[in-house]
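Notes for the structure review
Here is what each chain is made of, one letter per residue.
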Amino acid sequence: MFSSKKLVQRYPFLTRILIFTRKKYAMNTSQEKISLLQEMIAFALVDGELHDREYDFLELIANELEIDKTTFFDLFKNRGAIVVIKDEFNRICQFYRLALLMHSDGVLHEREWVKINEIGINMGLNPYATKRILQLMKTSPNQMVSPEVLLAVFSEQHN
């Protein structure tokens, strides 16, 4: 296993992701966890480069999902089918993790922006809510939104 504490000390922006990753998820199988991480790895490589901070972020997520090092490293080589997340709360959390990953290297590439919007639509999330979250993150001094705001934005769209 990786040292979450060490990574969080080195990269304070990672602490927020733990709020969502440590929640009780409806991920019953290791394949669902691996699929979630595969999607994040693919997204991290959208700009053609894996930055150290992106790698550390992925490493932290792998640790929190209890994915061993060997499996984690294999995910960079082998691309499998991504399992669709059925629960809306988990899809929202995954979208937010991807958005945090997008901002983790400090550089916002156009391809990342296009891909994150595409992913949100493919997840079945409300496009207005996803765009609003991305805009809030873009204007936030630390590129993060609180869990309460995140869930409130998506809840507004249900009314």
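No experiment lies behind these values; they were computed from the predicted model shown. (Residues numbered from 1 in each chain as written. Predicted model: local features only at pLDDT ≥ 70, side-chain atom pairs only at ≥ 80, totals over all residues. Heavy atoms only, no water.)

It is worth spelling out helix 7 (residues 110-122) at this point. An α-helical turn contains 3.6 residues, so any two residues separated by three or four positions project in the same direction. With 13 residues, helix 7 ought to run about 18 Å at 1.5 Å a step, and its terminal C-alpha atoms sit 18 Å apart, in line with that. Along helix 7, the positions that sit buried rather than exposed are Glu112, Ile116, Asn117, Ile119 and Gly120. Down the axis of helix 7, the buried side of the element spans an arc of 160°, and every buried residue falls inside it. Within helix 7, the exposed residues directed more than 90 degrees away from the buried face are Glu110, Arg111, Ile121 and Asn122. (Helix = DSSP H or I, 4+ residues; strand = E, 2+ residues; numbered from the N terminus. Expected span 1.5 Å × (residues − 1). Buried < 20%, exposed > 50% of the residue type's maximum accessible area, 1.4 Å probe, protein only. Arc of directions from axis to C-beta.)

Take the environment of Asn142 next. Structurally, Asn142 is set in the loop between helix 8 (127-139) and helix 9 (147-156). Here Asn142 falls in the partly exposed class, since its relative accessible area comes to 43%. For the pair formed by Asn142 and His103, sequence separation is 39 residues and the distance between their alpha carbons is 9.3 Å. A distance of 2.8 Å separates a polar atom in the side chain of Asn142 from a polar atom in the side chain of Ser140. (Polar contact = N/O pair within 3.5 Å; in protein donor to acceptor, adjacent residues only side chain to side chain.)

Moving on, we get to helix 8. Spanning 13 residues, helix 8 covers 18 Å between terminal C-alpha atoms, matching the ideal 18 Å at 1.5 Å per step. Taken together, the buried positions of helix 8 are occupied by Ala129, Thr130, Ile133, Leu134 and Met137. Seen from one end, helix 8 has its buried residues packed into an arc of 135°, which puts them on one side. For helix 8, the exposed residues lying more than 90 degrees away from the buried face are Tyr128 and Thr139.

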